[in-house]
Amino acid sequence: MSGAVWMGMPAFPVAARDALADRQLRANLRTATGTIRAKREAVVAERADWEQLRVAGAAIKDRTLRNLDSYLLRFEEHVTAAGGVVHWARDAAEANRIIVDLVRAAGADEVIKVKSMVTQEIELNAALTTAGIAAYETDLAELIVQLGDDLPSHILVPAIHRNREQIRDIFLREMPDAPADLTDEPVALAAAARKHLRRKFLSAKVAVSGANFAVADSGTLVVVESEGNGRMCLTLPEVLISVVGIEKLVPTWADLEVMLQLLPRSSTGERMNPYTSTWRGVHPSDGPREFHVVLLDNGRTSVLADDIGRQALRCIRCSACLNVCPVYERTGGHAYGSPYPGPIGAILTPQLRGVRGDPVAASLPYASSLCGACYEACPVRIDIPAALVHLRAKVVDAKRRRPSAERAVMRAASWMFASPRRLAATQRLGAFAGALAGALTGRSGRIGRLPGPLSGWTRARDIPVPPRQSFRSWWLSNQDGGRR
């Protein structure tokens, strides 16, 4: 089962315009984000020390990132000592090659998967399909997305853009064993999915997971979830392959304790996740007989080198910033053209992919009103607005080396302002243009549309007609009592 891929999608301004025209999408998003936001606010208010927890979480992540090289080696040492195998992947292509080779070595032609952002990032499902290996998502929301040949649009709730009626229709159309009288009640939909997946859980030889956290001091991986499908994937198959971004490490179990207080409240609005699974290595009579960890870089080292941008690597994928973002609530996740949507995606994707030559990545730092709600909601205090401004400067710098209409206009303006005579001549020309534009626009006094490269200015705003008399001209006419 392949599914769609992210690469090749349009830049945010184009995709957002299409999303804004979808009234059903906006209604679905408004209901879902509002519900999650209210639950989060209620459980966060229970903690008098919430701000201290946020500060502690940020400090833990920053300490880990400053010493990431040593923590990664420590993690590898403990995984290996427990009978696991660690693989290092520079990029998506290398990670996919490693995983495909491991599945083939196990003699399998299908895998079951735990919900994983990082496997979306490397587009693992498409790579497995190309290799003749079927991948089955077991998270309910990911299953909905996969059966609909769709893309996830939220970090926590991948099918947030679908309502219950749409999900029922997908199940009836794509799930052969769905009951013909299936209703849109959540209990009925969950039961249909459970029955559909049960055979896969019991027969699959290989499972692929991500991880919410990795504890360096013990080589332990951690997955938190709400359905129990993750625990089935982590314990039943013979081979378990966990794909983990190198930023997911925390040094100790004491550090993990802080994170497990921050994540559930910020993501699902719960004091604790229903299922928290931890595992390390292999055990003779319990769980998989083979355990592999694929540690993925895929641009993270470059992010780490940026003093401001590296904040994005603190992210614990809670989605709190999405649920408070006015831009995300109106456009949804698909408009971001990346598995990481919303405010965190707007600063993470441009750094992982680079803004030069990638129109999607270059557009994302502008996909924000800079209202700051994301920073206030973030459990690890990522200053997303500051990072967005920083990345906007990088986008501008990337454009400096190639010709553009904007640069040509700025150079012309510099040449004009350098000479009083040229400025005066331009102002006289502007007065003539103002008179002409005034005649064309009538009483409105506004220019609503300009041709060619100037259309970018007027596509989103009107500009006033140039005045018939400049301030310089008025001053010369009126100083000294008008004698000049």
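Everything in this summary refers to the structure shown in the same document. This structure is a prediction, so every number in the text was calculated from the model and none was measured.

### What to know about the overall build of the protein
Moving on, step 1. Across its full length, the protein holds 23 helices and 12 strands.
Moving on, step 2. Taken over the C-alpha atoms alone, the protein extends approximately 105 × 55 × 50 Å along its principal axes.
Moving on, step 3. Here the protein, with 484 residues, has 51% of them falling under the buried criterion.
Moving on, step 4. Within the protein, residue pairs in contact and separated by at least 24 positions form 73% of the contacts whose partners lie at least 6 positions apart.
Moving on, step 5. Accessible surface, the protein: about 23,000 Å² in total, of which carbon and sulfur atoms supply 55%.
Moving on, step 6. Taking the average location of the 62 positive side-chain charges in the protein and that of its 50 negative ones, the two points are 12 Å from each other.

### A few points about the nonpolar core
Moving on, step 1. Core analysis: the largest hydrophobic core is formed by 56 residues, its most contacted members being Phe12, Phe213, Leu262, Ile316, Ile344, Ile347 and Ile382.
Moving on, step 2. Grouped together as the second largest cluster of nonpolar side chains are 44 residues, Phe75, Val114, Tyr136 and Cys233 included.

### Side note on a positive patch on the surface
Moving on, step 1. Where like charges cluster on the molecular surface, the positive patch consists of Arg23, Arg26, Arg30 and Arg330.
Moving on, step 2. If one sorts the elements of the positive patch by residue count, helix H2 (residues 23-44) sits on top with 3 residues.

### Describing the pattern of salt bridges
Moving on, step 1. One pass over the full model with this rule turns up 24 salt bridges.
Moving on, step 2. In this structure, Arg47 and Asp49 form a salt bridge, with 2.8 Å as the shortest nitrogen-oxygen distance.
Moving on, step 3. By relative accessible area, Asp49 is classed as partly exposed at 29%.
Moving on, step 4. Among the salt bridges present, the one from Glu247 reaches Arg317, with a minimum N-O distance of 3.0 Å. Pair noted here: Glu247 is in the loop between strand S7 (239-245) and strand S8 (249-250) and Arg317 is in the loop between helix H13 (300-304) and helix H14 (320-324), with a separation of 70 residues, a long-range link.

### Describing the sheet that holds strand S9 (residues 275-279)
Two pairing modes exist for strands in a sheet, parallel and antiparallel, and in both the strands are linked by backbone hydrogen bonds.
Moving on, step 1. One open sheet holds the 4 strands; their spatial order is S8-S5-S6-S9, and the pairing between them is mixed. Edge positions in the sheet fall to S8 and S9, since each of these pairs with one other strand and no more.
Moving on, step 2. Bridging between strand S6 (residues 220-225) and S9 involves 5 bridges; their strand directions are antiparallel. Opposite Val223, over in S9, you have Ser277 as the bridge partner.

### Comments concerning unusual backbone geometry
Moving on, step 1. At Asp149, a residue that is not glycine, the phi angle is positive and equals roughly 50°.
Moving on, step 2. Within the fold, Asp149 resides in the loop between helix H8 (140-147) and helix H9 (164-174).

### Quick look at the sheet that holds strand S10 (residues 290-296)
Moving on, step 1. Spatially, S1-S10-S7-S4-S2-S3 is the arrangement adopted by the 6 strands of the open sheet, whose pairing is parallel. Each of the sheet's edge strands pairs with one partner strand only, and the pair in question is strand S1 (85-89) and strand S3 (134-137). Each neighbouring strand pair of the sheet contributes to a mean axis angle of 25°, computed without reference to strand direction.
Moving on, step 2. In terms of strand pairing, S7 meets S10 through 7 bridges, oriented parallel. Looking at the pairing, Val239 lines up with Glu290 of S10.

### Remarks on the environment of Gln479
Moving on, step 1. One can find Gln479 in the segment after helix H23 (471-478).
Moving on, step 2. A relative accessible area of 17% places Gln479 in the buried class.
Moving on, step 3. Through-space distance from the C-alpha of Gln479 to that of Gln120 is 68 Å; in sequence the pair is 359 residues apart.

### So, a nonpolar patch on the surface
Moving on, step 1. On the surface, Phe471, Trp474, Trp475 and Leu476 cluster together into a nonpolar patch covering about 470 Å² of accessible area.
Moving on, step 2. Considering the arrangement of structural elements, one finds Trp474 in helix H23.

### Regarding the pairing of strand S4 (residues 206-209)
Moving on, step 1. Residues of S4 alternate between two faces, with Val206 and Val208 on one and Ala207 and Ser209 on the opposite face, all of them buried.
Moving on, step 2. The sheet contact formed by strand S2 (residues 110-113) and S4 spans 2 bridges and is parallel. Bridging across to S4, Ile112 finds its partner in Ala207.
Moving on, step 3. In this structure, S4 lies alongside S7, joined through 4 bridges in parallel fashion. Looking at S7, one finds that Ser209 is bridged to Ser242.

### Some points on the state of the cysteines
Moving on, step 1. Within this structure, the stated rule accounts for 0 disulfides.
Moving on, step 2. Cys318 carries a free sulfur, and the closest cysteine sulfur to it, the one in Cys378, is 6.2 Å from it.
Moving on, step 3. For the unlinked cysteine Cys325, the closest cysteine sulfur is that of Cys371, found at 6.4 Å.

### Side note on H8
Moving on, step 1. Along H8, 7 of the 8 residues are buried, which leaves the element largely enclosed by surrounding structure.
Moving on, step 2. All buried positions along H8 are accounted for by Ala141, Glu142, Leu143, Ile144, Val145, Gln146 and Leu147.
Moving on, step 3. In the core, the buried residues of H8 are packed alongside helix H6 (117-121), helix H7 (124-130), S3, H9 and helix H10 (186-203).
Moving on, step 4. Put simply, Asp139 is the residue that caps the front of H8, since its side-chain oxygen is 3.1 Å from the backbone nitrogen of Ala141.

### So, the side chain of Asn96
Moving on, step 1. Within the element layout of this structure, Asn96 appears in helix H5 (residues 92-105).
Moving on, step 2. In this structure the side chain of Asn96 is engaged in a polar contact, spanning 3.0 Å, whose partner is the backbone oxygen of Ile122.
Moving on, step 3. Once residues lying within four places of it in the same chain are set aside, the contact partners of Asn96 are Ile122, Glu123, Leu124 and Ala127.

About the criteria used
- Residues numbered from 1 in each chain as written.
- Predicted model: local features only at pLDDT ≥ 70, side-chain atom pairs only at ≥ 80, totals over all residues.
- Heavy atoms only, no water.
- Helix = DSSP H or I, 4+ residues; strand = E, 2+ residues; numbered from the N terminus.
- Buried < 20%, exposed > 50% of the residue type's maximum accessible area, 1.4 Å probe, protein only.
- Contact = heavy atoms within 4.5 Å.
- Areas by Shrake-Rupley, 256 points an atom, 1.4 Å probe, with all protein chains shown as cover.
- Lys, Arg positive; Asp, Glu negative; His and termini not counted.
- Charge placed at Lys NZ, Arg CZ, Asp CG, Glu CD.
- Core = buried A, V, L, I, M, F, W, Y, C linked by side-chain atoms within 4.5 Å.
- Patch = residues over 30% accessible without salt bridge, like charges linked within 9 Å, V, L, I, M, F, W, Y side chains within 5 Å.
- Salt bridge = Lys/Arg side-chain N within 4 Å of Asp/Glu carboxyl O.
- Pairing = 2+ DSSP bridges.
- Axes fitted to C-alpha atoms, helices over the stretch in contact; angles between N-to-C directions.
- Disulfide = S-S within 2.5 Å.
- Polar contact = N/O pair within 3.5 Å; in protein donor to acceptor, adjacent residues only side chain to side chain.

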